[in-house]
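For reference, the chains in residue letters:
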Amino acid sequence: MTTTNTPDERPGNTELGRALTAVGALPPDWAPAYAALPRSAFLPDLIWPFDMAAGRSVAVNKPDAPARWHEYADAADVPIVTQWDDGAHTATEPGEAPTSSASMPSVVFRMLQDLDLRPGHKTLEIGTATGWNAALMAHRTGPGNVVTVEVDAAVAAAARATAERLGLAVQVVHGDGSHGYPDAAPYDRIIATCGLRSIPYSWVEQCRPGGVIVAPWGTHYGNGDAVARLVVAPDGRSARGRFTGPVEFMKLRAQRAAHPVHSAYVTGSVAEGDETSTTVTETEFVGEPFAPQRFVLGLRVPRCRQVIAEKRDGARPVWLYGVDDRSWACVWFRDGDAARVWQSGPRRLWDEAEAAYRWWEERGRPGPERFGLTVTGDGQAVWLDDPEHSWSA
C-alpha cells in the first residue's frame, strides 16, 4: 500500500501509540499500521468528542482550536462523533442522536486483534465511518483486499475522498451492510463497526469456512454490546464463538429500535399495576454502565427494554418495557428501604428479570466472556460455557 501523505509524527500521536501499547491495546504487529495511519488523518475539521469531565459531547473545530482538536484526536479512550441525526443536523452544537463516529483507538485495536487479520486476507467491513478502520486493515492485508460498506451516502463519499487523498487501495461501497456485499465474496474476515441485535446470516454465507466474523452484538435490553468473535463451520452453514468483552456502538440502521413511549404502556397511575417488593438492591440490579448483569439480563429476558431513570432524593425508578406487547414493570429503589415493584401486562417482566438475576448469581456472576453465540440459517442461540446448552436469542 502507498500513501501520498507522510505519517503524523506529532508528539501526541507518538504518546498515544505508547499508551496503547503499554495497556496491551496496541499489539506490536499493529504498531506499523498505527504509525503510518494516525486517526487524526481521517477526522473532519469539525468533531464532537465526548468530554469525560463534562459528561457530554462538545464541538471542537480544528481551525479555531488546533491544539485542543489534536488532543482529542490523540486520546486513546475518547469516542468522537462525526455526524448527528443521519446528516440532517448541520449546526455546530451537538444534535439529537449521534449517527456516525470515530471509535476509541483502544476499542479499534482490540477488535482488530480479535479479527486475527493476516496479509492477503480478503476482508469485508460493515460501517465505514471515517475510513480509519478500513485503512488499518488494508495496511495489514495488502492492496485490493478490503471492501467497506457504508449505508450513509455522504459518509461513504467522505471516506472515499479520504482514501483517494491518502492513496489507499480500499473499495468504499455505498449500501446496506446488513446484506453484506456478495459481489466480492467469499471473504476470509468480516468485521462490523456498528452494534447488532441479530447477525445477518448473509454474512455467514459470504465468509469462507474457517473464516472469522467479529461484530458488536447485544439485546433489546439496553444500548450495551459485547464483541462476538465467530468462526464459520467447515461446512459453511453456521458460525459460532464467544464474546470477548463489553463495548457500545451505534446500531446498524436496519436494526435500530425505537425508544419506548412510556404513555403507550402506562396509561394511568403506576399503582394500577400489581404491587410486590424485592430484596434485590439497586447496586445489584443496575450496576455500572458496562456491568455484566445488564448483558446477562438481556440474554435471559428477551424482547424487553430497560430504562434507568435519574436518581433523585435517594430514589431511582427502573422501568422494563415489552418489545412485542404492552407489558411493563417498574422497580422503585430507595436508599435504606426494600424496593417496591409494580408490573402489568401479559408478561410479568419483573418476575422474569429477578429470576434472571438469581440465575446469574447462582452461576458465579459470569461476565460476557463466558457466553457464546451460534448463528445458523434458522436464527441465533446463546450459551453459557457450553454450546450444547443454548437457548434462543
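Our subject is the structure that appears above.
Residues numbered from 1 in each chain as written. Predicted model: local features only at pLDDT ≥ 70, side-chain atom pairs only at ≥ 80, totals over all residues. Heavy atoms only, no water.

Trainee: Is there a simple way to think about helix H5 (residues 132–141) in this case?
Mentor: What sets the pattern is the α-helix's 3.6 residues per turn: residues three or four places apart point alike. The element H5 is extensively covered by neighbouring structure, given that nine of its ten residues are classed as buried. Among the residues of H5, those classed as buried are Trp132, Asn133, Ala134, Ala135, Leu136, Met137, Ala138, Arg140 and Thr141. Where the residues of H5 are buried, they touch helix H2 (31–36), helix H4 (105–115), strand S6 (123–126), strand S7 (146–150), strand S8 (170–174) and strand S9 (187–192). Just past H5, the residue glycine 142 takes up positive phi, approximately 105°. (Buried < 20%, exposed > 50% of the residue type's maximum accessible area, 1.4 Å probe, protein only. Helix = DSSP H or I, 4+ residues; strand = E, 2+ residues; numbered from the N terminus. Contact = heavy atoms within 4.5 Å.)

Trainee: How do you make sense of the sheet that holds strand S16 (residues 328–334) when you look at a structure like this?
Mentor: In a beta sheet, neighbouring strands pair by backbone hydrogen bonds and run either parallel or antiparallel. Strands sit in the order S13-S17-S16-S15-S14 across an open sheet of five strands; the sheet is antiparallel. The sheet terminates laterally at strand S13 (274–278) and strand S14 (304–308), the two strands that pair on one side only. The average undirected angle you get between the axes of adjacent strands in this sheet is 20°. Where S16 meets strand S17 (residues 339–344), five bridges bridge the pair, whose relative direction is antiparallel. The residue bridging alanine 329 from the neighbouring strand is glutamine 343, located in S17. (Pairing = 2+ DSSP bridges. Axes fitted to C-alpha atoms, helices over the stretch in contact; angles between N-to-C directions.)

Trainee: Could you clarify how one ought to interpret H4 in this entry?
Mentor: Counted residue by residue, H4 has nine buried out of eleven residues, so it is predominantly covered. Along H4, the residues that are buried comprise Pro105, Ser106, Val107, Val108, Phe109, Met111, Leu112, Asp114 and Leu115. Once H4 ends, the next one or two residues include aspartate 116, with phi positive near 55°.

Trainee: Please clarify how the pairing of strand S18 (residues 371–376) should be interpreted in this entry.
Mentor: Here is the key point about a regular strand: its side chains alternate between the two faces of the sheet. For S18, the buried fraction is high: five of the six residues fall into the buried class. Across five bridges, strand S12 (residues 238–247) lies against S18 in antiparallel orientation. Pairing of glycine 241 across the sheet is with leucine 373, part of S18. Pairing between S18 and strand S19 (residues 379–384): six bridges, direction antiparallel. Within S19, the position partnered with phenylalanine 371 by the bridge is leucine 384. Linkage of S18 to S19, two consecutive antiparallel strands, is achieved through a turn of two residues.

Trainee: Looking at this structure, how should I read the side chain of glutamine 83?
Mentor: With respect to the helices, strands and loops of the structure, glutamine 83 is situated in strand S4 (residues 80–84). At 2.7 Å, the side chain of glutamine 83 forms a polar contact with the side chain of threonine 99. Here aspartate 152 takes part through its side chain, which lies 3.1 Å from a polar atom of the side chain of glutamine 83. Filtering out sequence-adjacent residues up to four positions away, glutamine 83 remains in contact with Trp48, Ala97, Pro98, Thr99, Ser100, Asp152, Val155 and Arg253. (Polar contact = N/O pair within 3.5 Å; in protein donor to acceptor, adjacent residues only side chain to side chain.)

Trainee: Explanation requested: the sheet that holds strand S20 (residues 390–392) in the structure shown.
Mentor: Read across the sheet, ten strands follow the order S8-S7-S6-S9-S10-S11-S12-S18-S19-S20 without closing on themselves; strand pairing throughout is mixed. Either end of the sheet is taken by a strand with one partner, and the two such strands are S8 and S20. On average, adjacent strands in this sheet sit at an angle of 20° to one another, irrespective of strand direction. Alignment of strand S11 (residues 225–232) against S12, held across five bridges, turns out to be antiparallel. When the bridges of S12 are listed, valine 232 appears paired with alanine 239.

Trainee: When you look at unusual backbone geometry in this model, what are you seeing that I'm missing?
Mentor: Note: most residues except glycine have negative phi, and most peptide bonds are trans. Residue proline 186 is reached from alanine 185 by a cis peptide bond, and omega for that bond is 5°. If you trace the backbone, proline 186 turns up in the loop between S8 and S9. In this model, arginine 365 sits at a positive phi of 55°, which is unusual for a non-glycine residue.

Trainee: Help me understand the pairing of S17, please; the structure alone is not making it clear to me.
Mentor: As paired strands, S13 and S17 are joined by five bridges and run antiparallel to one another. Following the sheet pairing, glutamate 275 is matched in S17 by tryptophan 342. The turn linking S16 back onto S17 is made up of four residues, and glycine 336 within it adopts a positive phi angle of 85°.

Trainee: Would you take a moment to explain the environment of arginine 365 for this structure?
Mentor: Within the secondary structure, arginine 365 sits in the loop between helix H11 (349–362) and S18. Residue classification places arginine 365 among the partly exposed residues on the basis of a relative accessible area of 44%. Once residues lying within four places of it in the same chain are set aside, the contact partners of arginine 365 are Glu284, Tyr357 and Trp360. Here glutamate 361 takes part through its side chain, which lies 2.9 Å from a polar atom of the side chain of arginine 365.

Trainee: Quick question: what am I supposed to make of the pattern of salt bridges here?
Mentor: A side chain of one charge can pair with a side chain of the opposite charge when the charged atoms of the two come close. Following the criterion strictly, the structure yields 22 salt bridges and no others. With its nearest N and O atoms 2.9 Å apart, the salt bridge here joins glutamate 361 to arginine 365. The class of glutamate 361 is partly exposed, set by a relative accessible area of 27%. Each of the salt bridges in this network shares a partner with another, and the network as a whole consists of Asp86, Asp152, Arg253 and Arg256. (Salt bridge = Lys/Arg side-chain N within 4 Å of Asp/Glu carboxyl O.)

Trainee: Sorry, what's going on with the packing of aromatic side chains here?
Mentor: Aromatic rings in a pair are described by how distant their centres are and how their planes are angled relative to each other. If you walk through the whole model with that rule in mind, you get 15 aromatic pairs. Within the aromatic cluster, the residues linked to one another by ring pairs are Trp217, Phe243, Phe295, Trp359, Phe371 and Trp391. The lysine or arginine in question, arginine 300, covers the ring of tryptophan 359, its NZ or CZ lying 4.1 Å from the ring centre. (Phe/Tyr/Trp six-rings, centres within 6.5 Å; stacked < 30°, edge-to-face > 60°. Lys NZ or Arg CZ within 6 Å of the ring centre and 35° of its normal.)

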